[in-house]
Structure formats: structure tokens, C-alpha cells
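Examining the three-dimensional arrangement
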Amino acid sequence: MFIGSVEIKGCALLSPMAGVTDSVFRSLCSEQGAAMCTTEMVSAKGLVMGDRKSAEIIDLSSDSGPVAIQIFASEPESAARCVEKVMACGPDIIDINMGCPMPKIVKNGAGSALMNDPHKAEAILRAVVSVSSVPVTVKIRLGTDPGSINCVEFAKRMEQAGAAAVTVHARTAAQMYAPPTHPEYIRAVREVLRIPVIANGDVFSAADAVKLVDCTGCGCVAVGRGALGYPWIFREINALNRAGVVIAPA
Ligand SMILES: Cc1cc2nc3c(=O)[nH]c(=O)nc-3n(C[C@H](O)[C@H](O)[C@H](O)COP(=O)(O)O)c2cc1C
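Model, not experiment: these values are computed from the prediction. (Residues numbered from 1 in each chain as written. Predicted model: local features only at pLDDT ≥ 70, side-chain atom pairs only at ≥ 80, totals over all residues. Heavy atoms only, no water.)

Turning next to the environment of Tyr177. Within the secondary structure layout, Tyr177 lies in the loop between β9 (166-169) and α9 (183-192). Once the C-alpha coordinates of Tyr177 and Ile3 are considered, the two residues, 174 residues apart in sequence, prove to be 27 Å apart. When residues no more than four places from it in sequence are discounted, the contact partners of Tyr177 are Arg141, His169, Arg171 and Arg225. (Helix = DSSP H or I, 4+ residues; strand = E, 2+ residues; numbered from the N terminus. Contact = heavy atoms within 4.5 Å.)

Next up, the structure:
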């Protein structure tokens, strides 16, 4: 699979997790076959203000495989201004968080709050794309709550605004991490987009990855909690893929 010009040689990616996907964890997952890893989300404003912790999050000096830096932003100016610092770290991809449901992120208008403000989401994405020299992707949920599921229109709009791929977590923001997931919406997104769609949600085993690929038709899955304490999950998913069981990058 290609995300813009970046070749992703595998079908299982490490999903971004704040407090988890630091450089040590990313290295472990890369060694075990994660086709791409993503950093913890980092505040665009924090980077612009020169915050030390934010700078540490985007340090990729120990990474060997493809890596995306994930930013969160609530307005286009800081989103665009942080790109210079992000690019200096040499990421393969910049990902924008449009799915985080945590109150401290949402109350500032970032993360999943952007799904209720597609106009601002588009402005942020366009601002980043206009100054980035690597592909820019977005990570979304189905919508903010069951009454406002808008992932299909939202993802289409992001594609038109220059997104190189979209990761869809098969829950609404209101669900946080509660069951059930709704992979059928990921399929609906995949059916209308030309860019790659990465399926995410509840992959805790290689068999779950096969099931999610089956349900969605996506060529790649992003694994979050399933890799916590078990980075071998990437090797196991890749082994099933090599055996030709089901997963084959589209
Ligand atoms: C501890 C933790 C931290 C997370 N941090 C982020 C983050 O920084 N950015 C993001 O887009 N998603 C974040 N997520 C969401 C995951 O990337 C993923 O979308 C979600 O956990 C569903 O996938 P899973 O069922 O494979 O865990 C986080 C999830 C967890 C459990």
C-alpha cells in the first residue's frame, strides 16, 4: 500500500497511544513487524511555544521503520506553524488527530470536536498540507455520538482537502472504548474514498485482524491496545498475511 509516496510494506500498523507509543515501544513494535508506527499525539501549540515535553515526543532519532508524527490542533495557524519543527525530525507522514474523545482535548476544539466542525477540520488539514513535504493523514472516529455519525462525508471532505489516507476507529467519540464497534461504517468510508482507509478498533489477535479486514475490505489495520504488552501481535498478523489467509494490502 502507498500513502502518498510512502510505501507501507505490511498490513498492520501501530496506532498512536498517548503515554504508550514512545520511541522504545515503537522500536519494539517495528522489530516485531509493525509496518508503520505513530508517535503519541503532540500539541501543535506546544511545539510552537517550544514546550520541551512536546519536542521529546517527536524525537524520531531511535526509529528505524516508517513513522508518523501525530499532531492535534484546534486552529489552522498553530497547525501550520508546528510543521517546520515536525519536519525537522524527519517523519514519513504527518497525521492529524480528529478522533480523540478526551475532555481536555475536546474542550479546546481539537480531536473529535473537529468532527462536529468539518469546516475548521478542513482548514487545519489544508494548512498543514500546504507546508508539509510529506503526506498528511487524518485519524477519525465514526462521529461524535450515535446521533451524529458523519464519518463518510467527513472522510470524503478530508480526501478532497488533501488527506493521503484516513484511519477510522469504529466507534463514536461518546463511546470512548465501550463496545460494540461498528466496522460496517469503515466499509462505507472505504467504498467512497480513493485514498487508503486504515481500519481500527478491537484488534487483539491476528484472527481479529482478519475479521476486521473481512468486514471492511481495508488492506491495513491499526492496532492499539492489542499491542500493549504483546508486540508479537504484528508478527502474528504478518504470518497470517504471508500464509495468504485473507489480508492483502489493497
Ligand atoms: C492509552 C491510549 C492512548 C491513546 N492515545 C491516542 C493518541 O494519542 N492519538 C490517537 O489518535 N488515538 C489514541 N488512542 C486511540 C488508539 O489509537 C485507537 O484508536 C483505539 O485504542 C482503538 O484501537 P484498539 O482497539 O486497537 O485499541 C489511544 C488509546 C489508548 C488506549
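The structure having been displayed, the exposition proceeds.
Moving on, we get to empty space enclosed by the protein. In the structure shown here, the tally under the stated rule is 1 cavity of 30 Å³ or more. Its volume calculated, the largest cavity comes out at about 120 Å³. Secondary-structure elements contributing two or more residues to the lining of the largest cavity are β3 (12-14) and β8 (136-140). (1 Å grid on protein atoms, 1.4 Å probe; cavity = no way out; pocket = protein on both sides within 12 Å on 5 of 7 lines; lining within 4 Å. Points joined across faces, edges and corners; volume = space filled by probe spheres on them.)

Moving on, we come to the packing of aromatic side chains. Each aromatic ring pair is specified by the distance between its two centres and by the angle formed by the two planes. Tallying each qualifying case throughout the model produces 1 aromatic pair. Ring centres of Tyr230 and Trp232 lie 5.3 Å apart, and the angle between their planes is 65°; this geometry places the pair in the edge-to-face category. By relative accessible area, Tyr230 is classed as partly exposed at 34%. One residue, Arg141, lies across the ring of Tyr177, its end atom 5.2 Å from the ring centre. (Phe/Tyr/Trp six-rings, centres within 6.5 Å; stacked < 30°, edge-to-face > 60°. Buried < 20%, exposed > 50% of the residue type's maximum accessible area, 1.4 Å probe, protein only. Lys NZ or Arg CZ within 6 Å of the ring centre and 35° of its normal.)

Let us look at the side chain of Ser15. As for its placement among the helices and strands, Ser15 is situated in the loop between β3 and α1 (23-31). Classification of Ser15 by relative accessible area gives buried; the value is 4%. Those residues in contact with Ser15, other than ones at most four positions away along the chain, are Thr21, Lys139, Asn200, Ala222, Val223 and Gly224.

Quick look at the pattern of salt bridges now. On inspection of all chains with the given rule, the structure shows 9 salt bridges. Ionic pairing is found between Arg52 and Glu56, a salt bridge with its closest N-O pair at 2.9 Å. Highlighted residues: Arg52 and Glu56, both in helix α3 (residues 52-57), separated by 4 residues, approximately one helical turn. Given the relative accessible area of 44%, Glu56 is considered partly exposed. A single salt-bridge network, built from bridges that share partners, covers Glu122, Arg126 and Arg157. (Salt bridge = Lys/Arg side-chain N within 4 Å of Asp/Glu carboxyl O.)

One can describe the packing of helix α7 (residues 118-131) onto helix α8 (residues 151-160) by two numbers: an axis separation of 9 Å at closest approach and a directional angle of 30°. Classed by the angle they form, the pair α7 and α8 counts as roughly parallel. Crossing of α7 against α8: the hand is right-handed. From α7, Pro118, His119, Ala121, Glu122, Leu125 and Arg126 reach across to α8, where they touch Phe154, Arg157, Met158 and Gln160. Classifying every residue of the contact of α7 with α8 gives 5 nonpolar, 2 polar and 3 charged. (Axes fitted to C-alpha atoms, helices over the stretch in contact; angles between N-to-C directions. Parallel < 35°, antiparallel > 145°, perpendicular 65-115°, else oblique. Left-handed = near helix turned anticlockwise from the far one by under 90°. Nonpolar A, V, L, I, M, F, W, Y, C, P; charged D, E, K, R; others polar.)

Treat this as a map of the structure, not an account of what it does.
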